Amino acid sequence: MIAVDVKYFYEKLEKLLTTPSPSGYTHEIMTEMEAWTQALGYAFEWTEKGTGIITIEGKDDSRTVGLSAHVDTLGAMVRSISSSGELNFTLVGGPIVPTLDSEYCTVHTRDGRSYTGTFLSTSPAVHVYKDASSKERTPDNMSIRLDEVVKSKDDVLKLGIAVGDFISIDPKTTFVNGFVKSRFIDDKASVACLFGVMKHLSENKIQPNFKTKVVISAFEEVGHGASYLPSDIKEMLAVDMGCIGLDLSCTEYDVSICAKDSSGPYDYQMTSRLIELAKANELSYAVDIYPFYGSDVSASLRAGHNIKGALIGPGVHASHGLERTHFKALENTMKLVYLYLTA
Ligand SMILES: [Zn+2]
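Residues numbered from 1 in each chain as written. Predicted model: local features only at pLDDT ≥ 70, side-chain atom pairs only at ≥ 80, totals over all residues. Heavy atoms only, no water.

### Observations regarding the side chain of T271
Next, step 1: Its location among the elements puts T271 in helix α5 (residues 268–280).
Next, step 2: Overall, the relative accessible area of 8% leaves T271 in the buried class.
Next, step 3: Residue contacts for T271: discarding those within four places in its chain leaves I257, C258, A259, Y266 and A310. (Helix = DSSP H or I, 4+ residues; strand = E, 2+ residues; numbered from the N terminus. Buried < 20%, exposed > 50% of the residue type's maximum accessible area, 1.4 Å probe, protein only. Contact = heavy atoms within 4.5 Å.)

### A closer look at the coordination of the zinc ion
Next, step 1: Looking at the zinc ion, the protein donor atoms are H70 (NE2), D186 (OD), D240 (OD) and D240 (OD), and they sit 2.0 to 2.7 Å from it.
Next, step 2: Of note is the zinc ion, whose four donor atoms meet at the metal with angles of 51 to 139° in an arrangement that counts as irregular.
Next, step 3: Here the donor residues of the zinc ion are spaced in sequence according to H-x115-D-x53-D. You can see H70 sitting in strand β3 (residues 60–70) and its partner D186 sitting in helix α4 (residues 185–203), a full 116 residues away along the chain. When sorted by exposure, H70 lands in the same class as D186, which is buried. (Donors = N, O, S within 2.8 Å, 3.2 Å for Na, K, Ca; no water. Tetrahedral: all angles 85-135°; square planar, octahedral: opposite > 155°, others 65-115°.)

### Let's talk about the environment of D101
Next, step 1: Looking at where D101 falls in the secondary structure, it is placed in the loop between β5 (87–92) and β6 (104–108).
Next, step 2: What makes D101 partly exposed here is its relative accessible area of 21%.
Next, step 3: The spacing of D101 and A286 is 185 residues in sequence and 33 Å in space, taken between C-alpha atoms.
Next, step 4: Ignoring anything within four residues of it in the chain, the contact list for D101 reads F119, L120, S121, R137 and M142.
Next, step 5: A distance of 2.9 Å separates a polar atom in the side chain of D101 from a polar atom in the side chain of R137. (Polar contact = N/O pair within 3.5 Å; in protein donor to acceptor, adjacent residues only side chain to side chain.)

### Observations regarding the pattern of salt bridges
Next, step 1: Applying the stated criterion across every chain yields a total of 12 salt bridges.
Next, step 2: The closest approach of N and O atoms between R63 and E235, which form a salt bridge, is 3.0 Å. One end of the pair, R63, is in strand β3; the other, E235, is in strand β13 (residues 233–239), and 172 residues separate them in sequence.
Next, step 3: Residue D140 pairs with R79 through a salt bridge whose shortest N-O separation is 3.9 Å. In this pair, D140 sits in the loop between β7 (114–121) and β8 (142–146) while R79 sits in strand β4 (residues 75–81), placing the two residues 61 residues apart along the sequence.
Next, step 4: Under the relative-accessibility criterion, R79 is labelled partly exposed at 36%. (Salt bridge = Lys/Arg side-chain N within 4 Å of Asp/Glu carboxyl O.)

### Examining helix α7 (residues 327–342)
Next, step 1: The end-to-end C-alpha distance of α7 is 22 Å, a good match for the 22 Å that 16 residues give at a rise of 1.5 Å each.
Next, step 2: Most of α7 sits out of view: 13 of its 16 residues are buried. (Expected span 1.5 Å × (residues − 1).)

### Quick word on the sheet that holds strand β10 (residues 174–176)
Next, step 1: Spatially, three strands are ordered β10-β11-β18 in an open sheet, and the strand pairing comes out antiparallel. The strands lining the two open edges of the sheet, one partner per strand, are β10 and β18 (323–326). Pairs of neighbouring strands in the sheet enclose a mean axial angle of 20°, with direction left out of account.
Next, step 2: Sitting on the sheet, α4 touches β11 (179–182) and β18, and the angle it makes with β18 is about 30°. (Pairing = 2+ DSSP bridges. Axes fitted to C-alpha atoms, helices over the stretch in contact; angles between N-to-C directions.)

### Topic: unusual backbone geometry
Next, step 1: In this model, D186 is joined to D187 through a cis peptide bond whose omega is 5°.
Next, step 2: With respect to the element layout, D187 can be found in helix α4.
Next, step 3: Non-glycine residue K172 carries a positive phi angle of around 55°.
Next, step 4: Within the fold, K172 resides in the loop between β9 (166–169) and β10.
Next, step 5: The residue N177 is not glycine, and still its phi comes out positive at about 50°.
Next, step 6: Positionally, N177 belongs in the loop between β10 and β11.
Next, step 7: Owing to a relative accessible area of 69%, N177 belongs among the exposed residues under this scheme.

In structure tokens, the structure reads:
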């Protein structure tokens, strides 16, 4: 069984979580991962749309299997600049908007400058606005207060800030009592899990059963992440956050195996094999149905790829808000990915 290099894993996890990468702005973290991959001795290619593809030679190279996880996250973009110097924004992906109220953020200009600010409601002061508490938190009722002396739209433009600049949300990454507490655990924790598995394979010179392509997708949160796949991939295991809540059985300590989500049921044989592997190796796991969800496998199938696909991932609480999971869920996920490749 895999022995996780915990120090390596946390180092990569922290770097992933704290490097801004809203969908469409993932080049910096992708370049970082290219270096990590080369350090492990594997090949890394970029596709035109910015996906990273890592190739691991297998014992039998006549078949290629895929693993995927997405490094892009939710975020925002400057929509307009108000006459008094606040930034109006449009969302990138689907965060729980009320959770953005009072969150710190960074505006990234296209010429490489960055400025900090805070998401606030347009009735931000309880001593002034009757509806400070009750105003609905939507992008139309919110704006960004910059930490710069700006009194007009012109002052903002002079900073080099323009419509179309990316805005990243402070992830508030914290490691406490075995918990990982942060935004964007979806899906950066899974990316870190894949590096955890690759570290073990590389260090111990273990070859997976088949040639393996690890797809690090960059547009999952906006729906078309892994819509392009290398044509030799015959089956793909998407590693993405597991849902928690309602009548679902997954917890923050489990690897979740998704039997069906909004895009329909996952491949019967692959899913059954994953359940068997989890059971036989006494992993802490849950099989669930995700009510509102699609994965990189869904995007590939919708784009017309003729693949088998399955979905697993660490149980993540409060997804698209202030998320949390536990190292146990991440470890169970790494174990199941490792078994999928080598058992
Ligand atoms: Zn995700």
